[in-house]
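# Overview (structure and organization)
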Number of protein chains: 2
Amino acid sequence: MALSVGLNRVLEPAGVLPQAAWRLDASPAIGPDEVRVRVRRLNLDAASYRQLAEKHEGDGERIRAEVLGIVERRGKMHNPVTGSGGMLIGVVEEAGPASPLAVKPGDRVATLVSLTLTPLRITDGLRDWDGLSEQVPADGTAILFGRSIVGVLPDDLAPELALAVYDVCGAPALVDRIVRGYPGSPAVAVLGGAGKSGSLSLAAARRAGARTVGIVRDEREAAALRTGGLADRVEIADARNPVAVAAAVGEAQVTVVCVDVPGCEHGAILATAPGGTVIFFSMATSFSAAALGAEGLAADVTMLVGNGFVPGHAEFAVDLLRSTPAVRALFEARVAGD
Amino acid sequence: MALSVGLNRVLEPAGVLPQAAWRLDASPAIGPDEVRVRVRRLNLDAASYRQLAEKHEGDGERIRAEVLGIVERRGKMHNPVTGSGGMLIGVVEEAGPASPLAVKPGDRVATLVSLTLTPLRITDGLRDWDGLSEQVPADGTAILFGRSIVGVLPDDLAPELALAVYDVCGAPALVDRIVRGYPGSPAVAVLGGAGKSGSLSLAAARRAGARTVGIVRDEREAAALRTGGLADRVEIADARNPVAVAAAVGEAQVTVVCVDVPGCEHGAILATAPGGTVIFFSMATSFSAAALGAEGLAADVTMLVGNGFVPGHAEFAVDLLRSTPAVRALFEARVAGD
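Residues numbered from 1 in each chain as written. Chains lettered and ligands numbered in written order. Predicted model: local features only at pLDDT ≥ 70, side-chain atom pairs only at ≥ 80, totals over all residues. Heavy atoms only, no water.

Within the largest apolar cluster, 121 residues are counted, with the highest numbers of intra-cluster contacts made by Val256(A), Ile279(A), Phe331(A), Val256(B), Ile279(B) and Phe331(B). Excluding its chain neighbours within four sequence positions, the residues that come into contact with Val256(A) are Val175(A), Val188(A), Ala189(A), Val190(A), Leu191(A), Ser201(A), Ile279(A) and Phe281(A). Core analysis: the second largest hydrophobic core is formed by 62 residues, Phe287(A), Val259(B), Ala271(B) and Ala291(B) among them. (Core = buried A, V, L, I, M, F, W, Y, C linked by side-chain atoms within 4.5 Å. Buried < 20%, exposed > 50% of the residue type's maximum accessible area, 1.4 Å probe, protein only. Contact = heavy atoms within 4.5 Å.)

Under the definition given, this model contains zero aromatic pairs over all chains. Arg207(A) extends its terminal NZ or CZ atom over the ring of Phe316(A), reaching a point 5.9 Å from the ring centre. (Phe/Tyr/Trp six-rings, centres within 6.5 Å; stacked < 30°, edge-to-face > 60°. Lys NZ or Arg CZ within 6 Å of the ring centre and 35° of its normal.)

A few words now on the interface of chain A and chain B. With 51 residues of chain A at the contact, the number on the chain B side is 50 residues. Summed over both partners, the interface of chain A with chain B comes to about 4,500 Å²; 66% of that surface belongs to carbon and sulfur atoms. Inspection of the chain A/chain B interface yields two salt bridges. Here Asp300(B) makes a salt bridge to Arg177(A), at a shortest N to O gap of 3.1 Å. Taken together, the links from chain A to chain B amount to 13 residue pairs in polar contact (both at pLDDT 80 or more). Secondary structure elements with two or more residues in the side of chain A that touches chain B: α7 (242–249), α8 (265–270), α9 (287–296) and β14 (302–305) of chain A. Examining the composition of the side of chain A that touches chain B, we find that 10 residues originate from one element, α9(A), more than from any other. (Buried area = accessible area lost by both parts, 1.4 Å probe. Salt bridge = Lys/Arg side-chain N within 4 Å of Asp/Glu carboxyl O. Polar contact = N/O pair within 3.5 Å; in protein donor to acceptor, adjacent residues only side chain to side chain. Helix = DSSP H or I, 4+ residues; strand = E, 2+ residues; numbered from the N terminus.)

Most of α9(A) is tucked away, with nine of its 10 residues classed as buried. Burial in α9(A) covers these residues: Phe287(A), Ala289(A), Ala290(A), Ala291(A), Leu292(A), Gly293(A), Ala294(A), Glu295(A) and Gly296(A). Against the buried residues of α9(A) lie α8, β13 (272–280) and β14 of chain A together with β13 (272–280), α9 (287–296) and β14 (302–305) of chain B. Once α9(A) ends, the next one or two residues include Ala298(A), with phi positive near 50°.

Take the relation of the copies chain A and chain B next. Between chain A and chain B, which share one sequence, the superposing operator has a rotation angle of 180° and an axial displacement of 0.0 Å; the RMSD is 0.0 Å. The two molecules are tied by a two-fold rotation axis, judged by turn and shift. Judged by C-alpha distance, Leu304(A) is the residue of chain A that lies nearest the rotation axis, at 2.4 Å. A high fraction, 98%, of the interface residues of chain A reappear at the interface in chain B, so the copies pair face to face through one surface. (Least-squares fit on C-alpha atoms with pLDDT ≥ 70 in both.)

Residue and element names in this part refer to chain A. Among the six residues that make up strand β10 (residues 211–216), five are buried, leaving the element largely enclosed by the rest of the structure. Each parallel crossover has a hand, and the one from strand β9 (residues 187–191) via helix α5 (residues 196–207) to β10 is right-handed. Bridge count for β10 against strand β11 (residues 233–236) is four bridges, and the pairing is parallel. Considered in β11, the bridge of Val 213 is made with Arg 233. Taken together, β10, helix α6 (residues 219–228) and β11 constitute a β-α-β crossover, and its handedness is right-handed. (Right-handed = clockwise from strand over helix to strand, strands pointing away. Pairing = 2+ DSSP bridges.)

Residue and element names in this part refer to chain A. Applying the stated criterion across every chain yields a total of zero disulfides over all chains. Here Cys 258 stays unpaired: no disulfide links it, and the sulfur of Cys 264, its closest cysteine neighbor, is 10 Å away. According to the relative accessible area criterion, Cys 258 is buried, its value standing at 14%. (Disulfide = S-S within 2.5 Å.)

All names here are of chain A. Across the sheet, six strands lie side by side as β6-β7-β3-β4-β5-β8; this open sheet has antiparallel pairing. The open sheet is flanked by β6 (120–122) and β8 (150–152), the only strands paired with a single partner. Strand-to-strand twist in this sheet, taken as the mean axis angle between neighbours without regard to direction, amounts to 35°. As defined by bridge partners, β6 adjoins strand β7 (residues 135–144) across three bridges and the pair is classed as antiparallel. Across the sheet, residue Ile 122 finds its bridge partner in β7, namely Gly 140. (Axes fitted to C-alpha atoms, helices over the stretch in contact; angles between N-to-C directions.)

It is worth spelling out the domain arrangement of chain A at this point. Residue and element names in this part refer to chain A. Splitting chain A by domain gives domain 1 (7–156) and domain 2 (170–337). The centre of domain 1, based on its C-alpha atoms, is set 29 Å off from the matching centre of domain 2. For the domain 1 and domain 2 pair, buried surface summed over both sides reaches about 380 Å², with 60% attributable to carbon and sulfur atoms. On the domain 1 side of the interface with domain 2, the three residues burying the most area are Leu 112, Ile 149 and Asp 156, jointly 79% of the side's total. Arg 322 is the partner of Asp 156 in a salt bridge, and the nearest nitrogen-oxygen pair spans 2.7 Å. Where domain 1 packs against domain 2, one counts one residue pair in polar contact (both at pLDDT 80 or more). (Domains from an automatic or database assignment.)

Residue and element names in this part refer to chain A. Applying the stated criterion across every chain yields a total of 42 salt bridges over all chains. For Arg 23, the salt bridge goes to Glu 12, with nearest N and O atoms at 3.1 Å. Of this pair, Arg 23 sits in strand β2 (residues 23–24) while Glu 12 sits in strand β1 (residues 10–12), and the two are 11 residues apart along the sequence. By relative accessible area, which is 32% here, Arg 23 ends up partly exposed. Judged by relative accessible area, Glu 12 falls into the partly exposed class, the value being 34%. One salt bridge connects Arg 180 with Asp 176, and the closest N-O pair in it is separated by 2.7 Å. Among the charged side chains, a network of salt bridges with common partners joins Arg 36, Arg 38, Glu 93, Glu 94 and Asp 139.

Mapped onto the elements of the fold, Ala247(A) is located in helix α7. Taking relative accessible area as the criterion, Ala247(A) reaches 62% and is therefore assigned exposed.

Our next topic: the side chain of His313(A). Residues and elements named next belong to chain A. Looking at the element boundaries, His 313 is found in helix α10 (residues 313–323). Polar side-chain contacts of His 313 include one of 3.3 Å to the backbone oxygen of Gly 308. Apart from residues lying up to four places away in sequence, His 313 is in contact with Leu 112, Ile 149, Cys 169, Gly 170, Ala 173 and Gly 308.

Below you can see the structure in the form of structure tokens.
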């Protein structure tokens, strides 16, 4: 509680944290432990952009107008329908004397906390954005609190690549920690192993000594994983079909859910050995489906809410990317395809 | 996967587990590892009963008709609005030769898996129920799968009391396991400490060597907790107010959320020390609020989905009730008040 969490920036309702707030004060003057960032680019959350694009039938002008309206009304880019935000990159403009963040003016940074809690002001009307992609060139200011997370962009990686890694960097760090808690060479299954968080989780699990199986949805994803050799075994199964998942996995000590569709809880639980751990990284996870599912299956498994923060997680994920060519190739293909 | 999880009982949609199914086959003939129970009483989930009572404006006849209709249509008492079920008590009628459950015909039992996955047939039209309480006298049959959980009712406890304990028995067992994972005498905070799962969690934490604080919502609950001496410290705070919760708790190694209202995630996270654990037992928990909240607060805490199953959990909870007069008094008052 010693460091500020942005309570002074909450305009309404009073008493909640910035993420739960309807409206934040995004004024650029900073408090003693705050940092002001000159914004260069927003990276909208995929679910948020999809909702906007569908609502406006792909009309870039209208999508842009709605994003501007949300930021104007709420003081943050917090999609009121999806509840999600995204991240941003920019340059540190001013750091308060009491800020604990390891940044200085001029540093190129990415914010690793959600846009749903980041005070944001847009000053260029998003004139350089056509509204047709999640990547939003922007000018304006954003505020980081004392208790926040920010990553300095590595010189050897394109900003888009670094941002894509930072977006999911909590996953490999937590997988590393959990896998090392099991003796020997535990079996680790990653549902959605060919995605961003999935491929990093596979790489982290292997580095931590695990035997790995990647579960993917089709032959195309399976081929991508096999080519890179990212998993010891690759299987195709519908992650929403518990019986198919359990049959494909066999039995895992640690099961990692990186599939962003609802209904993957039961398969993950069923595929996990007694005493094992399920890590849910998908935002589509249903708390009650997980809790009641484990009870209904009499499954003695530990179920973790995938926390996006583990100390050192950004450096850990970038290091995995640098040292695992298959992960890097997968990310570069993703970024190029965006 | 060796023991059946009831897939053969799923009528639609195919391929899902019984809890996720729309409709189950509730026919009374059992398979080799199933058990048939003669139903004596249903204990509807509180949220489910509240929804039914509000919809039908407290009209017992209409509430009863809707419960009968749900069981008839779905083959289980799975409220389609709340998604919740409840439990039942009855007498074992027949156990298949391959059943691993430690029960025999004639045993009085409570099912410890949710009614949302239990094949159920009602044969008496619920004629002995006035529709005005969650406790539903009933005649009919229920089926337990090979992989299931059932508790024999203790002779020294009224069935209603045993059922109330079994309903929340996963909480104290998991609290015990987590608290014992911390060295020395960790600080444990229980939000909603005066409720059923909350009071058992406080008793379990103390027995495991913790210093405890119970957070309650008003002076009446505080007095109840203080009288029983169930917590080392009792504080009043609104569990949905993160700043108030953190101030009341101080800092806990383990924070247990037993408050059944939405919006308690951030307070629990903020009140937990780095390296600590938050255990969410409330079905009102939002997965995304927890995940994004911890990230937004840069909180290095482990967040657990409260699993309703830990081996030996029923006996553990009953033993806590027997040996902790304050817990027993609280449960008896609750049961009498129902």
